[in-house]
Structures are given as structure tokens and as C-alpha cells.
Amino acid sequence: MASSSLVPEHQLTAARAVREGGSLQTITTARIIQELRLKNHALKDDSLRGRIKLYSTSEINLHLIVTETHLFLALPRLDGTFDLENIIVSRDPQALEWGRMLFYRFLSGAELVDLTTF
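Predicted, not measured: the structure shown is a model, and the values here were computed from it. (Residues numbered from 1 in each chain as written. Predicted model: local features only at pLDDT ≥ 70, side-chain atom pairs only at ≥ 80, totals over all residues. Heavy atoms only, no water.)

1. Notes on the pattern of salt bridges
To be explicit about the condition: Salt bridge, as used here, is a side-chain nitrogen of Lys or Arg placed within 4 Å of a carboxyl oxygen of Asp or Glu. Note on exposure labels: buried denotes an accessible area under 20% of the residue type's maximum, exposed denotes more than 50%, and partly exposed covers the range between, all computed with a 1.4 Å probe on protein chains only.
Tallied over the full model, the rule gives 4 salt bridges. The residue Asp 46 makes a salt bridge to Arg 49 at a minimum N-O spacing of 2.5 Å. Between Arg 77 and Asp 83 there is a salt bridge; the shortest N-O distance is 3.3 Å. You can call Asp 83 buried: its relative accessible area is 17%. By sharing partners, the salt bridges in this structure join Arg 31, Glu 35 and Lys 39 into a single network.

The following block contains the structure:
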């Protein structure tokens, strides 16, 4: 997941997937990380920390989720809020690859966040 937006439903879904044995790499902004420190209990769970990697970047302005089978992309409106009603969704292998490449582009400039500080 790469996002400069805080979407509670997506956080809950990601936390559930990690609790069920999945892993999560997420990139977000310092502002969102401050909010996560207050609201996200999965990041405070020691048993899940080995499967969660949280990165911080200042250069992100979209909401992207790429799973093994789906790509979800929400883009910002002109006012800076995210258009969560018109999300681009795809299962196409080329779209998934494009989404992964976009994720890794943001990951290459991001810093790993120490989850023990949560």
C-alpha cells in the first residue's frame, strides 16, 4: 500500500490480512504516521511486527493498494482530497505489474519506520 490518505476501511482490511498470516509493506507520509500512532492497533501488536514494514516519504500524493490479485488506485481531486468514490480497480496482470513498479518507485525514496516506537 502506498498512500498519503488515511482510509480506515483499508487499514482494517490490511490488519485482518496480516493477522491471518499475510504481510504488509506500506508507504505513507509523516502526517499519516502521526495519526497511525494514535489510531492503529495492529502496528502496536508485537506479534504482527515481523510481517509489517512501514516506510515514510514526503513525495506521495495518491492512494494505491496492490495485492497478489488486485490493483486499487485513487487519485487526488483538485482540492487535494482523494476521490474514493471513483477508484480504479483492475485484475489485469499488466496493471498489477504497473502498480508494483509504481509502489517500488515510491519505496526507493522512502525511509523505514521503527515500529517499536509505536
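Still more ground to cover, so stick around.
2. Points about the side chain of Ser 4
Our working definition: Secondary structure elements follow DSSP: runs of H or I of four or more residues count as helices, runs of E of two or more count as strands, with numbering from the N terminus. Counted as a polar contact is a pair of N or O atoms within 3.5 Å, where, for protein atoms, one must be capable of donating a hydrogen and the other of accepting one, and residues adjacent in sequence contribute only when both atoms are in side chains. We call two residues contacting when some pair of their heavy atoms lies within 4.5 Å.
Within the secondary structure, Ser 4 sits in the loop between strand S1 (2-3) and helix H1 (8-19). There is a polar contact of 3.4 Å between the side chain of Ser 4 and the backbone oxygen of Ile 60. Residues within four places of Ser 4 in sequence aside, it is in contact with Thr 28, Thr 29, Arg 31, Ile 32, Ile 60, Asn 61, Leu 62 and Phe 82.

3. Considerations on the pairing of strand S3 (residues 52-56)
Looking along a regular strand, one sees the side chains alternate between the two faces of the sheet. Spelled out, the test is: Being paired, for any two strands, means DSSP has found at least two bridges between them. Looking down the strands as they point away from the viewer, one classifies a crossover as right-handed if the path from the first strand across the helix to the second runs clockwise.
In this sheet, S3 lies alongside strand S2 (residues 24-28) in parallel orientation, the contact comprising 5 bridges. Bridge pairing in S3 places Ile 27 opposite Tyr 55. Handedness of the crossover joining S2 and S3 through helix H2 (residues 30-39): right-handed. Pairing of S3 with strand S7 (residues 111-112) involves 2 bridges; the strand directions are antiparallel. Paired with Tyr 55 across the strands is Leu 112, a residue of S7.

4. What to know about the side chain of Thr 29
The topology assignment puts Thr 29 in the loop between S2 and H2. Residue class for Thr 29 comes out buried when judged on its relative accessible area of 13%. Once you skip the residues sitting within four places of it in the chain, Thr 29 turns out to touch Ser 3, Ser 4, Ser 56, Thr 57 and Ile 60.

5. Here's the deal with the packing of aromatic side chains
Applicable threshold: Stacked, edge-to-face and tilted are the three classes for Phe, Tyr and Trp ring pairs, Trp counted by its six-membered ring, which pair at centre distances within 6.5 Å; planes under 30 degrees apart are stacked, over 60 edge-to-face, the rest tilted. Two limits define a charge over a ring: the Lys NZ or Arg CZ must be within 6 Å of the ring centre, and within 35 degrees of the ring normal.
Under the definition given, this model contains 1 aromatic pair. Between Phe 103 and Tyr 104 the ring centres are 5.5 Å apart and the planes differ by 80°, which places this aromatic pair in the edge-to-face class. Residue classification places Tyr 104 among the partly exposed positions, given a relative accessible area of 46%. If you follow Arg 105 out to its NZ or CZ, it ends over the ring of Phe 106, 4.9 Å from the centre.

6. What about the environment of Arg 77?
The topology assignment puts Arg 77 in the loop between strand S5 (71-74) and strand S6 (88-90). Residues Arg 77 and Leu 102, 25 residues apart in the sequence, show an inter-C-alpha distance of 19 Å. Not counting residues within four places of it along the chain, the set of residues in contact with Arg 77 comprises Phe 82, Asp 83, Leu 84 and Glu 85. Of the polar contacts made by the side chain of Arg 77, one reaches the backbone oxygen of Phe 82; its length is 3.5 Å.

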